[in-house]
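A look at the structure
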Amino acid sequence: TLSPTDRPTTLSPTDRPTTLSPTDRPTTLSPTDRPTTKSPTASPTVDNCVEIMPAGCCRTESDGPGTTEVTTTANLALCKNACNLRPDCYGVEYASDTNVCEFHLSDDSFHHTESVDPNCADERCFQCMSAAPTVSPTGRPTTLSPTDRPTTVTPTEQPTTLAPTDRPTTLSPTDRPTTKSPTVAPTEMQCVEITPSGCCRTASNGPGLFIEISTSTAALCRYECTIRETCYGVEYNSQTEVCELHVAPDAFDHTETGGNCESVQCYQCTTVSPTDAPIVAPTTKAPTNRPTTQAPTDRPTTLAPTDRPTTLSPTDRPTT
């Protein structure tokens, strides 16, 4: 918060002229021997990868790994970024202990995760929403033709005089403080599966209130819930690709298995809020109690004339 000032701040004029000495030699710019090129800008790639929970290896509906390509990266962020740059990558599996990064080249590897296998204890599975955008330049480089003759700036014949100021310039005081709201850390939503796998049920064995949509995977179904303020969890059917967004918090008492609920998974989503305290405390500056005054000018400000021309040397190659 900046506190208001109670008196005006005055900038007084100068009391002596400011003189610039004349130049005694021309200023020459050497010609360039090679063109300077600026690479065109490219569209940014956005991280649209959602983690499949619980943590583990990516698996298809038939419990297979899908089509993958293995590489190594220093960290998880680089693994996901490398996937976002490839149009044929649908997600990644990353092991932090070995730095192994698996690119999944088919969209069927995100049905569920394998967490019981000891080889998957340190693995994390991410499904990426969209392929990388096309990298297109913002424009073409502009080429300037070389000059064949020097450019000369004619010297001035008479000095340029700026009239003195007759009154001080005053800045009015502020009547209200200027406040910047502190920043608050963002919130995250986490979805946990209700086991055993089956349909979401309330304490009275009902389905609860929900909105029905269609998504290709359970991860996308959970993602649709995380971007809605009134969603408390989801129920997903992998055979029919039906996604139920539950808009009431009472549908997660237990699950119903068997029958129409054989290929259904129930997830309860909760919002994890970090501290609400501001990241940076506001800074307060005390108000000024007296104006700052400088005496008015009694003489004009004179710019001395130049006695020789300023010459720009010609370029022998184009600047790109």
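One can find the structure itself at the top, above this paragraph.
Quick look at the structure, then. (Residues numbered from 1 in each chain as written. Predicted model: local features only at pLDDT ≥ 70, side-chain atom pairs only at ≥ 80, totals over all residues. Heavy atoms only, no water.)

1. Describing the overall build of the protein
Scanning the protein for helices and strands turns up two helices and 20 strands. In the protein, buried positions account for 25% of the 320 residues. (Helix = DSSP H or I, 4+ residues; strand = E, 2+ residues; numbered from the N terminus. Buried < 20%, exposed > 50% of the residue type's maximum accessible area, 1.4 Å probe, protein only.)

2. Things to note about unusual backbone geometry
The omega torsion across M53 and P54 is -5°, close enough to zero to call that bond cis. Along the chain, T195 connects to P196 via a cis peptide bond; the corresponding omega equals 0°. Tracing the sequence through the fold places P196 in the loop between β12 (188-194) and β13 (199-201). The phi angle at D63 is positive, at roughly 65°, despite the residue not being glycine. Here D63 lies in the loop between β3 (57-59) and β4 (68-72). A relative accessible area of 43% means that D63 is categorised as partly exposed. If you check the backbone angles, E241 has positive phi at about 60° while not being a glycine.

3. Examining the state of the cysteines
On inspection of all chains with the given rule, the structure shows 10 disulfides. With a sulfur-sulfur separation of 2.0 Å, C57 is cross-linked through a disulfide to C120. Judged by the sign of its S-S torsion, about -110°, the cystine formed by C57 and C120 is left-handed. In this pair, C57 sits in strand β3 while C120 sits in the loop between β7 (112-114) and β8 (123-128), placing the two residues 63 residues apart along the sequence. (Disulfide = S-S within 2.5 Å.)

4. Remarks on the side chain of T60
In this structure, T60 sits in the loop between β3 and β4. A relative accessible area of 6% places T60 in the buried class. Not counting the four nearest positions on each side in its chain, T60 is found in contact with P65, G66, D108, S109, H111 and H112. (Contact = heavy atoms within 4.5 Å.)

5. Concerning helix α1 (residues 76-84)
Owing to its 3.6 residues per turn, the α-helix aligns residues three or four sequence positions apart on the same side. Among the residues of α1, L76, C79, K80, C83 and N84 are the ones counted as buried. The arc that holds every buried residue of α1, seen down its axis, measures 135°, which confines them to one face. Where α1 is buried, its residues meet β2 (49-52), β5 (91-95), β6 (100-104) and β8. The residue sitting at the N-terminus of α1 and contributing the capping side-chain oxygen is N75; that oxygen lies 3.2 Å from the backbone nitrogen of A77. (Arc of directions from axis to C-beta. Polar contact = N/O pair within 3.5 Å; in protein donor to acceptor, adjacent residues only side chain to side chain.)

6. A look at the packing of aromatic side chains
Where two aromatic rings form a pair, the distance of their centres and the angle of their planes describe that pair. Applying the stated rule across the entire model yields zero aromatic pairs. Its end group placed over the ring of F126, K80 keeps NZ or CZ at 4.8 Å from the ring centre. A cation over a ring is seen here: R222 above Y267, with NZ or CZ 4.6 Å from the ring centre. (Phe/Tyr/Trp six-rings, centres within 6.5 Å; stacked < 30°, edge-to-face > 60°. Lys NZ or Arg CZ within 6 Å of the ring centre and 35° of its normal.)

7. Thoughts on the pattern of salt bridges
All told, the structure shown has five salt bridges when counted by the stated rule. Between D88 and R86 there is a salt bridge, with its nearest N and O atoms 3.1 Å apart. Classification of D88 as partly exposed rests on a relative accessible area of 31%. Three or more residues joined by partner-sharing salt bridges are found here, namely E69, R86 and D88. (Salt bridge = Lys/Arg side-chain N within 4 Å of Asp/Glu carboxyl O.)

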